[in-house]
Amino acid sequence: MVSRRLGLLLAPLFVSIPYVSAAPLTPSHSSKAPRAKAHQPRKPEEITVAAPSHKTSNGVTGQQAGGGLIRRETRAGAIQTVTRDFIAKQSPTANPVQVLALEPSAYVALMDPYGIVGGNMYLRGLPGDQIGWIYEGVPVSDIGSGGFYANQTSDGDNLQQVSLMPGSVDLSTPTVAAAAGSAYANLRDPSHHREGYVNMTYGTYNLARGLIRADTGDIGHSGVRAFASFSYTRANNWRGPGTNMRKHIDFKLVKDIAQHSHTSLVMSYNDNTLQFSRWPTASEFARYGAGNDLSRSYKDGLGYHLYALDAFQNLVTSAPTELDLGHGLHFHDTPYLWWGSGSIGGAALATEGATYSGSSLVGVDLNGDGRISSTTSQLIYTPNYYSYHRAGNNASLDWTAGKNTLTFGWWYEWSRMNQATPVSRINPVDGGPENIYGDYGPLIYRTSSGKKWYASDYNSFTQINMLYLGDRISLLRDRLELKAGLRAAMVSRGIDSYVPVSDNRRGQNIFEPLPQVSARYVLDKHSELYVLGVTNFRTTNNSTLFELYSPAGGSLQTAPSTVKPEYSIEEELGYRYHDDLIVGEISFFNYNFTNRQLALNSYVNGALTPMTMNAGGQTSRGVDLQIGTRPILHHLRPYASFEYLDARIDNNIPIDGDLLPTRGKRAVSAPKYQAALGLDWDDGSFFANLGLKYIGAQYATLVNDEKMPGYINNNVTLGYRLHRTGFLHSPQVQINMQNMIGSIYRNAVYAFTSNARTIRGIYGTSIAGSSPLYTIQPTFAISVSLSTGF
């Protein structure tokens, strides 16, 4: 029976999946999804998906296809979703990026074994700052750089699902950082029953983590239910000195109003202190491997590990609401607030008489002897300090009349981002900073005029208005669905400098019309075809609008550039198949980029600072394939995925008055091949999970003169759970292991360069090379988790 079903699937060399009844990707997604009729009988869907053989206290059903790595969809366009069955079997420290590692479009490079520091994700060869991340309706991609900090969102125990839309966004998605596509993460809903959950985890590198969660259940007949959780995580840096610490709170309240009407209140608070590492060049890696990290001794000056701390705290809150107004009207509204504050450490060596605030020379007594001498040098602490305030609202109205559904909406956001480099003394006791934020305390440096000494101090003000209008029509007894829509993005940004620079006030206004069209045709009750054409964009980094100066010399580190918003056009053709055993999809895609933005990690004043360069045009095309099954051989659920990607630069890139010979070269960080295998076994008591991912070789320079070899990631989970024991519900022990053979290898390009060796430009100029930097795959790690419901 299994071979016959696989033969039916592979005969046309296409695979596919319609939509499963699950938590929506966005607040408005469920109301827009077409409903199956005679040609899509719902009965088998309800039997195979909504009636699990068991349900554990951490949300595992044992029935989700591919062990929770694939689900049925009906959207015209690729969606790759990871659900609770898979998430619950990863390390409890796992973040939303980490759980996507086996999806065909994504590859994930961790910087620590447990995901506490976060990690980098690439989507069809495009970095994470090109992806519009939405967390419970809130755009959480950095408003300045576009980056997503996965460790700052939810705890893995509360994460219900994470979905990728490579290359596209929904009409109502609130994002201005989605040239590569979009991603959506959602928390679990509170239980209708009063209950609790606790998880304790211990592992290598002195990992210690605890989480406790409480659900109120339905509160009387009010229709209100809620949960709240708290976790604390701590682990040593796996490569060198330092520790990583994270404290986190998740809260969600749901008010059920009517059958299709409800409102929620979601809050996530995070506080972390992270230890960054020194990332090697290819030659350094060949010589030292994972060694040669930052120093434990302050006597080593700029290489001291306490100058490379990342301390940040943030709060995300939203109130998604859906209301059925009757007469075919559905209203969706998500007000939200995002607040954050923290710093990335740095240090520099300064000399009295040569100290600067912006471009101006200022007098600073560095050694505290009451005078300024041009011969006195001192090590100073120079962190990059960030403060964010973002507030917005995304509202839309759907009107269904007959076969048509018309959607109109408006997203508005206002934000302020402060970025500064305060300068302070080094603590004489341990050689570290007086405080990691560097902006207060008795050791803050002051200039001869009595003001605090700032090397730079900027405020970025960003206002976003996005209007969207779309129509969906269902024809041929719901077998054919046609959609068309237009998003009009208007972004206004102003930059104010509070230290002297060449221009203390700059601004930028962006208007981008973003049309999208799609069609989906249901062939029979098992398969469908779709075609999609969308436009996306990514606004420019705020760093392209201001200058950065060194406090120790005033030299210009980066100047305003002519970087324009990145714009992409994507076409996609896909086929899906599903039955009561198999779920699969294949999608062919083609991207064309203009004003391709490349983010470069650089050190300014000793602190990590993202910068941007304009790389002109790029063309990316390829195919994604994924397939999974519901339980076969009683309890086995396999999953496999594959991607072929051909991403090439379209033009020669200007550099130092010449042109780099980059036309036709492969894009950096874009492996040609990826393949994954997932195996899940769960009989209700014993469970095991295996994940293997092959990442092909990738280039680290624009001219392709340095390449990182391919590699294989592996993760293994083993566990055993009991049934109800007294007041304990599904107590279990779970063992998570990664990098089983302990291989040390480069897993991603941390900082690319234009060329690694000296080359000759198109016009004959000799262009000196510089070495790219790489992150290193964490070696073998194992953790043991004890958890139970109660």
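Computed from a predicted structure; not experimentally measured.

A word on the overall build of the chain
Right, so step 1: When helices and strands are counted, the chain shows five helices and 47 strands.
Right, so step 2: In terms of overall dimensions, the chain has a C-alpha envelope of 85 × 60 × 50 Å along the principal axes.
Right, so step 3: Residues counted as buried form 62% of the 790 residues belonging to the chain.
Right, so step 4: In the chain, of all internal contacts separated by at least 6 residues, the share reaching a separation of at least 24 is 71%.
Right, so step 5: Total accessible area on the chain stands at roughly 28,900 Å², and carbon and sulfur atoms take up 60% of it.
Right, so step 6: Computed over 66 positive and 62 negative side-chain charges, the inter-centroid distance for the chain is 3 Å.

Some remarks on the pattern of salt bridges
Right, so step 1: A complete count under the given rule lists 31 salt bridges for this structure.
Right, so step 2: The residue Glu528 makes a salt bridge to Arg576 at a minimum N-O spacing of 3.0 Å. Of this pair, Glu528 sits in strand β26 (residues 527–538) while Arg576 sits in strand β29 (residues 566–578), placing them 48 residues apart in sequence.
Right, so step 3: In this structure Glu528 comes out as buried when scored by relative accessible area, which is 0%.
Right, so step 4: We classify Arg576 as buried; its relative accessible area is 0%.
Right, so step 5: Here Glu566 and Arg596 are joined by a salt bridge, their closest N and O atoms 3.8 Å apart. Residue Glu566 is found in strand β29, and its partner Arg596 is found in the loop between β30 (582–594) and β31 (597–604); the two are separated by 30 residues along the sequence.
Right, so step 6: When its relative accessible area of 0% is taken as the criterion, Glu566 is described as buried.
Right, so step 7: It is possible to trace a salt-bridge network through shared partners that takes in Asp85, Lys89, Arg637, Asp680, Asp682 and Arg721.

Structural notes on the environment of Ala350
Right, so step 1: Of note, Ala350 is situated in strand β17 (residues 347–351).
Right, so step 2: In this structure, the C-alpha to C-alpha distance between Ala350 and Pro113, residues 237 residues apart in sequence, is 37 Å.
Right, so step 3: Ignoring any residue separated from it by four or fewer positions in sequence, one finds Ala350 in contact with Thr355, Leu366, Thr376, Ser377, Gln378, Ile380 and Ala552.

Let's talk about the sheet that holds strand β4 (residues 126–127)
Right, so step 1: Reading across from one edge, β2-β3-β4 is the order of the three strands in this open sheet, with antiparallel pairing throughout. Taken across any chain shown, the strands that pair with only one partner, and hence form the sheet edges, are β2 (106–109) and β4.
Right, so step 2: As paired strands, strand β3 (residues 120–123) and β4 are joined by two bridges and run antiparallel to one another. Paired with Leu123 across the two strands is Leu126, which belongs to β4.

Quick look at the sheet that holds strand β6 (residues 138–139)
Right, so step 1: Pairing is mixed in the open sheet, where five strands are placed in the order β1-β7-β8-β5-β6. In the strand order of this sheet, the two ends are held by β1 (80–82) and β6, each with one partner.
Right, so step 2: Summarising the sheet, β1 and strand β7 (residues 159–166) pair through three bridges and their orientation is antiparallel. Note on β7: the bridge partner recorded for Val82 is Val162.

Comments concerning the packing of aromatic side chains
Right, so step 1: Across all of its chains, the model carries 17 aromatic pairs by this definition.
Right, so step 2: On the numbers, 5.4 Å between centres and 80° between planes, the contact of Trp338 with Tyr388 is edge-to-face. Within this pair, whereas Trp338 is found in strand β16 (residues 329–344), its partner Tyr388 is found in strand β21 (residues 384–401), the two being separated by 50 residues in sequence.
Right, so step 3: Ring geometry for Tyr591 and Phe593: centres 5.6 Å apart, planes at 10°, overall stacked.
Right, so step 4: Classification of Tyr591 as buried rests on a relative accessible area of 1%.
Right, so step 5: The structure contains a cluster of three or more aromatic residues connected by ring pairs, namely Phe312, Trp338, Tyr386 and Tyr388.
Right, so step 6: When the ring centre of Phe589 is taken as reference, the NZ or CZ atom of Arg124 above it lies at 3.9 Å.
Right, so step 7: Lying across the ring of Tyr774, Arg746 places its NZ or CZ 4.6 Å from the centre.

Some details on unusual backbone geometry
Right, so step 1: With a phi close to 55°, Arg477 is a non-glycine residue in the positive phi region.
Right, so step 2: As for its position among the elements, Arg477 is in the loop between β23 (454–475) and β24 (480–497).
Right, so step 3: Even without being a glycine, Asn704 presents a positive backbone phi close to 65°.
Right, so step 4: Inspection of the secondary structure assignment puts Asn704 in the loop between β39 (698–699) and β40 (707–708).

Details of a nonpolar patch on the surface
Right, so step 1: A contiguous nonpolar patch, built from Met200, Tyr202, Phe686, Leu718, Tyr720, Leu722, Val733, Val784 and Leu786 and spanning about 770 Å² of accessible area, is present on the exposed surface.
Right, so step 2: Secondary structure elements with two or more residues in the nonpolar patch: β9 (195–203), β41 (711–721) and β47 (781–789).
Right, so step 3: Mapping Val784 onto the fold places it in strand β47.
Right, so step 4: Judged by relative accessible area, which is 34%, Val784 ranks as partly exposed.

Quick word on the environment of Ile257
Right, so step 1: Among the structural elements, Ile257 can be located in strand β12 (residues 243–258).
Right, so step 2: A relative accessible area of 47% means that Ile257 is categorised as partly exposed.
Right, so step 3: For the pair Ile257 and Val224, spaced 33 residues apart in sequence, the C-alpha separation works out to 9.0 Å.
Right, so step 4: Filtering out sequence-adjacent residues up to four positions away, Ile257 remains in contact with His262, Thr263 and Leu323.

What about the pairing of strand β33 (residues 618–629)?
Right, so step 1: In terms of burial, β33 is largely enclosed, as 10 of its 12 residues are buried.
Right, so step 2: Sheet topology note: the β33/strand β34 (residues 636–649) ladder contains 11 bridges and is antiparallel. Paired with Gly628 across the two strands is Tyr639, which belongs to β34.
Right, so step 3: Between β33 and β34, which pair antiparallel in sequence order, lie six residues; one of them, Leu633, sits at a positive phi of approximately 50°.

Observations concerning the confidence of the model for the chain
Right, so step 1: Per-residue pLDDT for the chain has a mean of 89; in total, 91% of the residues score no lower than 70.
Right, so step 2: Across residues 1–52, confidence stays below pLDDT 50; counting only partners more than four residues off in sequence or on other chains, it has 131 contacts.

What counts as what
Residues numbered from 1 in each chain as written. Predicted model: local features only at pLDDT ≥ 70, side-chain atom pairs only at ≥ 80, totals over all residues. Heavy atoms only, no water. Helix = DSSP H or I, 4+ residues; strand = E, 2+ residues; numbered from the N terminus. Buried < 20%, exposed > 50% of the residue type's maximum accessible area, 1.4 Å probe, protein only. Contact = heavy atoms within 4.5 Å. Areas by Shrake-Rupley, 256 points an atom, 1.4 Å probe, with all protein chains shown as cover. Lys, Arg positive; Asp, Glu negative; His and termini not counted. Charge placed at Lys NZ, Arg CZ, Asp CG, Glu CD. Salt bridge = Lys/Arg side-chain N within 4 Å of Asp/Glu carboxyl O. Pairing = 2+ DSSP bridges. Phe/Tyr/Trp six-rings, centres within 6.5 Å; stacked < 30°, edge-to-face > 60°. Lys NZ or Arg CZ within 6 Å of the ring centre and 35° of its normal. Patch = residues over 30% accessible without salt bridge, like charges linked within 9 Å, V, L, I, M, F, W, Y side chains within 5 Å. pLDDT = per-residue confidence, 0-100.

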